[in-house]
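Fold and geometry: a report
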Amino acid sequence: MPQTVDTETESMLRESVRAFVKKEVAPIAKKIDREDQFPVEVFRKMGKLGFLGVTIPEEYGGSAMGYRAQGIIEEELGYASASLGLSYGAHSNLCMDSIYRNGSPEIRETYLPKLCSGEWIGSLCLTEPESGSDALAMKTHAEKADGGWKITGSKTLITNAPLADIFVVYAKTGDSLSAFVALATDSGLSRGKKFDKMGMRGSPTGELFFDSMYIPDNRTLGAIGVGKDIIMSGLNLERVILSFIFIGLARRGIEMSVQYASSRKQGGKPIGDRELIQEKLAYMYTRYETSKMLCYRAVDEVSKDPMNVLSAASCILYTTEAAEYIAREALQIWGGMGYVSDSEVERLLRDAVLGQIGAGTTEIRKKLVGHELIKNYVKNGRLPE
Ligand SMILES: Cc1cc2nc3c(=O)[nH]c(=O)nc-3n(C[C@H](O)[C@H](O)[C@H](O)COP(=O)(O)OP(=O)(O)OC[C@H]3O[C@@H](n4cnc5c(N)ncnc54)[C@H](O)[C@@H]3O)c2cc1C
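Residues numbered from 1 in each chain as written. Predicted model: local features only at pLDDT ≥ 70, side-chain atom pairs only at ≥ 80, totals over all residues.

**Here's the deal with the overall build of the protein**
Quick note on the threshold: Helix and strand assignments come from DSSP, with helices taken as H or I runs of at least 4 residues and strands as E runs of at least 2, each series counted from the N terminus. What the globule rule says is 2.2 Å times the number of residues to the power 0.38, and the radius of gyration is computed from C-alpha atoms. Any residue with 12 or fewer other C-beta atoms within 10 Å of its own C-beta is exposed, any with 20 or more is buried, and the rest are partly exposed; the C-beta atoms used are placed from the backbone. We call two residues in contact if the C-beta atoms placed from their backbones are at most 7 Å apart.
Helix and strand counts for the protein stand at 11 helices and 10 strands. By the compact-globule yardstick of 21 Å for 385 residues, the protein fits well, its C-alpha radius of gyration being 21 Å. Taken over 385 residues, the protein has a buried fraction of 49%. Excluding contacts between residues fewer than 6 apart, the proportion of contacts in the protein whose partners are at least 24 apart in sequence is 74%.

So, in structure tokens, the structure goes:
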């Protein structure tokens, strides 16, 4: 059974993140969205409070609480500002955790403390202009050079790219793939445009170009040629952690809906007394609770086995569809005022749409779940437990 109730330590973490979010994030969430500005100072404070490195051992500046703790932080950020949650995920989960899981002792010692403290901002670069869902078909390639590698190519739609200091970059090395640690100061690396997006505004998304960017041998992540395994194991954790943003967003959507349904009167009584509105609330709540159970089960399963595709893909498939449904219904309950740009529900809906695109689209998740079920059935003659 999934453990959906926090342990005592997790409960303390949740309370402190919730208090931080209430004081530092919620009051500026609208500004982050409107001005499309990443709140750097708030992010650095998250580092000082120890929220950025919860999965990283203490010797590198973290607190070694694990992926459940990271999920809790995402859930609480997602409640107030999904875009801050997205940038947090790219920094802590995509970049920092990849470096920890795959980096040499030298790489870990050099870069993890800076990422845990928030002094540096991290990013992970997989997607390219011609390879998104089929990420392994990337064109960016690395050629062996004296004492290192020269990387040529480009990446696009990369979270934090416009301001990151450090990047996990995937490139072809012959017929296989490899991962490298690039720094913003590396010669041959340049930033392209920052995209203007419909949602997740304030989480900067951009392009990167590599023109014979030189990376010394001691900045390869894992062995040369194992990039595909690094991508695949990281993607499952990324899918689960990203899902937590959307349970936070869903909670906010339901809360706003219940509040509005109980106060908005039409025909002489609160709209919440109408059965059609109650039906909406019932489905919203049920999908939210189901999402929570899936997320907490998946984070436990995928922490133990990062190659558990079925758990990760089914979790994010359901949770993100549920969040978009909940945000859409919240807007409907708010009626015309929900459609006005000043209302928070309108932002929830725009942010929720990203859930079905990032970390592999809804279509790819369906494909993965179907494929895993059939593979399991052919092998074991039954459904997975
Ligand atoms: C805000 C944002 C942040 C992002 N952050 C990052 C990041 O930090 N790092 C990073 O590397 N990437 C990032 N991405 C990229 C993201 O992972 C890709 O957008 C996503 O994987 C989809 O790739 P694509 O956009 O090229 O779409 P495509 O792969 O071109 O897909 C287009 C459509 O075709 C469908 N499709 C594709 N293949 C199949 C198939 N085999 N079967 C059925 N349907 C299919 C897709 O589901 C989709 O509906 C980000 C994207 C966004 C929007």
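**Regarding the domain arrangement of the protein**
Where interface size is quoted, it is often the accessible area lost as the parts come together. Short version of the rule: Segmentation into domains, and thus their bounds, comes from an automatic or database assignment. Charged residues are taken to be Asp, Glu, Lys and Arg, nonpolar residues to be Ala, Val, Leu, Ile, Met, Phe, Trp, Tyr, Cys and Pro, and polar residues to be all remaining types, Gly included.
Partitioning the protein into domains gives domain 1 (8–121), domain 2 (123–227) and domain 3 (229–380). Computed over C-alpha atoms, the centres of domain 1 and domain 3 are 21 Å apart. With 22 residues of domain 1 at the contact, the number on the domain 3 side is 19 residues. For the side of domain 1 that touches domain 3, the secondary structure elements donating two or more residues are helix H4 (67–80) and helix H5 (82–102). Here the side of domain 1 that touches domain 3 is composed, by residue class, of six nonpolar, 10 polar and six charged.

**Here we look at H5**
For clarity, the threshold we go by: What a helix is expected to span follows from its residue count: subtract one and scale by 1.5 Å. To obtain the bend at a residue, axes are fitted to the seven residues ending there and to the seven starting there, and the angle between these axes is taken.
Here H5 spans 28 Å end to end across 21 residues, near enough to the 30 Å set by a 1.5 Å rise per residue. Remark: the principal bend of H5, roughly 30°, maps to Met96.

**Structural notes on the nonpolar core**
The condition that has to hold: Definition of nonpolar core: a set of buried Ala, Val, Leu, Ile, Met, Phe, Trp, Tyr and Cys residues joined via C-beta atoms within 7 Å.
Residues Val168, Phe180, Val240, Leu249 and Ala327 are the most contacted members of the largest nonpolar core, which totals 111 residues. In terms of residue count, helix H7 (residues 227–263) provides more of this core than any other element does, 17 residues in total. In this view, Val240 contacts Cys295, Ala298, Val299, Val302, Ala312, Cys315 and Ile316; residues no more than four positions away in its chain are not counted.

**Brief notes about the environment of Ala64**
Inspection of the secondary structure puts Ala64 in the loop between helix H3 (40–48) and H4. Residue Ala64 is classed as partly exposed on the basis of its C-beta count, with 13 C-beta atoms lying within 10 Å. When the C-alpha atoms of Ala64 and Gly174 are compared, they prove to be 36 Å apart, with 110 residues separating the residues in sequence. When residues no more than four places from it in sequence are discounted, the contact partners of Ala64 are Ile56, Pro57 and Glu58.

**Regarding the packing of helix H9 (residues 309–339) against helix H10 (residues 344–354)**
Describing two packed helices takes the angle between their axes plus the distance from one axis to the other. Short version of the rule: For helices, the axis comes from a line fit to the C-alpha atoms of the stretch in contact; other axes are also lines fit to C-alpha atoms, and the angle between any two N-to-C directions lies between 0 and 180 degrees. An angle below 35 degrees is treated as roughly parallel, one above 145 as roughly antiparallel, one from 65 to 115 as roughly perpendicular, and anything else as oblique. Put simply, a crossing is left-handed when the front helix is turned counterclockwise from the back one by less than a right angle, and right-handed when it is turned clockwise.
Where H9 contacts H10, the two axes come as close as 8 Å, and the packing angle between them is 150°. For the element pair H9 / H10, the angle class is roughly antiparallel. When the axes of H9 and H10 are compared, the crossing they make is left-handed. Between H9 and H10, the residues in contact are Ala323, Glu324, Ala327, Arg328, Ala330, Leu331, Trp334, Gly338 and Tyr339 and Val345, Glu346, Leu348, Leu349, Ala352 and Val353, respectively. Classifying every residue of the contact of H9 with H10 by side-chain character gives 11 nonpolar, one polar and three charged.

**Brief notes about the packing of H4 against helix H8 (residues 275–304)**
Look at H4 against H8: their axes get within 9 Å of each other, and the N-to-C directions meet at 145°. In this structure, the crossing between H4 and H8 has a hand that is right-handed. Where H4 approaches H8, its residues Tyr67, Arg68 and Gly71 are matched on the opposing element by Cys295, Val299 and Ser303. Of the residues that constitute the contact of H4 with H8, the class distribution is three nonpolar, two polar and one charged.

**Things to note about the pairing of strand E1 (residues 122–125)**
The following threshold applies: Whether two strands pair depends on DSSP finding at least two bridges between them.
Here E1 shows two buried faces, one formed by Gly122 and Leu124 and the other by Ser123 and Cys125. In terms of strand pairing, E1 meets strand E4 (residues 166–173) through four bridges, oriented parallel. Residue pairing across strands places Leu124 opposite Val168, the latter belonging to E4.

**Focus on the site of the ligand**
Going by this rule: To decide whether a residue is near a molecule or strand, its C-beta atom is placed from the backbone and checked for lying within 6 Å of it.
Neighbouring residues of the ligand: 22 residues in total, closest Leu126, Gly132, Ser133, Thr361 and Glu363. Of all the elements in the fold, those that place two or more residues in the shell around the ligand are H5, E1, strand E3 (148–159) and helix H11 (362–380). Formed jointly, the shell around the ligand draws a minimum of three residues from each of two domains, domain 2 (123–227) and domain 3 (229–380).

**Structural notes on the pairing of strand E5 (residues 176–183)**
By the criterion of burial, E5 is predominantly enclosed, with six of the eight residues buried. Alignment of E4 against E5, held across eight bridges, turns out to be antiparallel. The partner of Ile166 across the bridge, within E5, is Leu183. Count of turn residues in the E4/E5 antiparallel hairpin: two residues, of which Gly174 carries a positive phi of about 70°. Alignment of E5 against strand E8 (residues 220–221), held across two bridges, turns out to be antiparallel. Directly across from Phe180, in E8, lies its bridge partner Thr220.

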